[in-house]
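Given next are the chains, with one letter for each unit.
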Amino acid sequence: MFHLDNEFITDLLNAHPSMKDRSPDSIGMTLCQICSHAIHQPLLDLTTSADELHKTSVQCDLCRLLLKAIGERLPKEMRTGPLRIRRKASKIIVQRGPHSYRLLTIRKIPGKEALDVHIIGLRRLTFEWTETTQCKTPNDVQVGVPSLCKIDDPEYSQLLLAWLRDCDAKHTECRKNFGSSGTKARQYPARLIAIEESLIRLVDTKDIDDSGTEPLKYLALSYTWGDKAVHKRYFTTTDTYEQHCTTIPKASLPKLFVDALTITQNLGIKYLWIDALCIKQGKGGDWETEAERMHATFSAAYCVLAASRCAGTNDRFLVKRPQHPSALFRDHGLAFSEDIDDFQLEVIEGTMNRRGWVLQERALARRTIYFAEKQTYWECGQGIRCETLTKMTK
Ligand SMILES: [Zn+2]
Ligand SMILES: [Zn+2]
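Residues numbered from 1 in each chain as written. Chains lettered and ligands numbered in written order. Predicted model: local features only at pLDDT ≥ 70, side-chain atom pairs only at ≥ 80, totals over all residues.

1. Here we look at the overall build of the protein
Then, number 1: Across its full length, the protein holds 17 helices and 18 strands.
Then, number 2: Among the 394 residues that make up the protein, the fraction classed as buried is 38%.
Then, number 3: Excluding contacts between residues fewer than 6 apart, the proportion of contacts in the protein whose partners are at least 24 apart in sequence is 73%. (Helix = DSSP H or I, 4+ residues; strand = E, 2+ residues; numbered from the N terminus. Buried ≥ 20, exposed ≤ 12 C-beta atoms within 10 Å, placed from the backbone. Contact = placed C-beta atoms within 7 Å.)

2. Here's the deal with the confidence of the model for the protein
Then, number 1: Taken as a whole, the protein shows an average pLDDT of 84; of its residues, 87% reach a score of 70 or greater.
Then, number 2: A low-confidence stretch, residues 112–135 stays under pLDDT 50, and its non-local contacts, those more than four residues away or across chains, total 35 contacts.
Then, number 3: Here residues 181–185 is a poorly scored stretch, pLDDT under 50, and it has 2 contacts once near neighbours within four places are set aside; other chains count. (pLDDT = per-residue confidence, 0-100.)

3. Concerning the sheet that holds strand S1 (residues 2–3)
Then, number 1: Spatial ordering of the open sheet is given by S1-S18-S17-S16-S15-S12-S8-S10-S6-S7, a layout of 10 strands whose pairing is mixed. Each edge of the sheet is formed by a strand with only one pairing partner; in this case those strands are S1 and strand S7 (199–204).
Then, number 2: Sheet topology note: the strand S12 (residues 303–306)/strand S15 (residues 367–371) ladder contains 3 bridges and is parallel. In the sheet register, Ala306 faces S15, and the bridge partner there is Tyr370. (Pairing = 2+ DSSP bridges.)

4. Focus on the nonpolar core
Then, number 1: Ranked by size, the top nonpolar core spans 58 residues in total, and within it Tyr218, Leu272 and Ala301 carry the most contacts.
Then, number 2: The element best represented in this core is helix H12 (residues 255–266), accounting for 5 residues.
Then, number 3: Two domains each put at least three residues into this core: domain 1 (2–165 + 322–392) and domain 2 (180–306).
Then, number 4: Sequence-distant contacts of Leu272, defined by excluding residues within four places in its chain, comprise Leu192, Ile193, Ile195, Tyr218, Leu219, Leu221, Ala260, Leu261 and Thr264. (Core = buried A, V, L, I, M, F, W, Y, C linked by C-beta atoms within 7 Å. Domains from an automatic or database assignment.)

5. Here's the deal with the pairing of strand S2 (residues 45–49)
In regular strands, side chains alternate between the two faces of the sheet.
Then, number 1: Burial along S2 is one-sided: the residues Leu46 and Thr48 are buried and none of Asp45, Thr47 and Ser49 is.
Then, number 2: Direction of pairing for S2 relative to strand S3 (residues 82–88): antiparallel, over a ladder of 5 bridges. The residue of S3 that forms the bridge with Thr47 is Arg84.

6. Here's the deal with the sheet that holds strand S13 (residues 326–329)
Then, number 1: Read from one edge to the other, the open sheet built from 6 strands follows the order S2-S3-S4-S5-S14-S13, with strand pairing classed as antiparallel. Edge positions in the open sheet fall to S2 and S13, since each of these has one partner strand only. Going from strand to strand, the sheet's axes swing by 25 degrees on average, the running direction of each strand aside.
Then, number 2: Pairing between strand S4 (residues 91–96) and strand S5 (residues 99–108): 6 bridges, direction antiparallel. (Axes fitted to C-alpha atoms, helices over the stretch in contact; angles between N-to-C directions.)

Rendered as structure tokens:
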């Protein structure tokens, strides 16, 4: 189920106005006659066929996107005959018999009007938008930027932070059990990785002073080890424990851990939990007891980072994502792009979740950020948010 989430983007754009500049300027997108008629209809309803789209896609950017999506999304036998393509809220779908297939995502481009509207204190963005733009744009379309930002842009961390803060501020249910008094001994893992500027080291949680008003905030990393023989090199053992309490050299860590440390730092969190480093392994270690309370470790974490796209610790998750094609029609205030909102395929059935334990971690976490192949997802008790700003419930 997809939901409109325009209040979130309004707040986000208000806090970070530079984000709206990400929508590229009009680069001469053209529409065929059928599409330019359809785009003016609030419901955008058109009947065409793959053959027809082949012809019109020569001159029409929207037809080209539709044709590509049909080729990728529809089973071959479904591609012949007339195709009824229509808009369902922020998605363009095609109906074939009892099935509907999602083809494209549609976004209202944030523009000057939207910001002006917000500044003068009106919150009902979608209504005001319609009145201030020339053409009629439908009210039930998500406002958003058609392209994702670069993963090392400050904007990227700002979005992750906005997800966290929105949940902190508005979801009482998600806060339940977090930081209630007397939970320290029971819930916190024995050790955490402390990040102090460039110094990374292990600390005992019993030595952390969390008597202030804020409960101890740490992130926990959910990932797949990959080749165990390789992964073993990164373990904290009884031999390396003392050294790791003084410093853990970043250069000695696998790429996946370095990415997790980067995100933790960018989110302004001081502590991170990674099983390989925070549990003392081998003879004389505490794997048995710490593994036993791993469920508590994940459920007491402020947030879980899930390296969904990684098959092992030598993979990275802060990598360039594939570009997804978009067509931007500035005159209409609309952008169409490939539909990449697929939490089921990318996360649930993705590379990392083929390991049973990871599914448990998902169930235990109060909230999780998933770094997937095509985009980043947020999940908490109130649903799933995509980096494309699509909001879904299960
Ligand atoms: Zn067209
Ligand atoms: Zn929440």
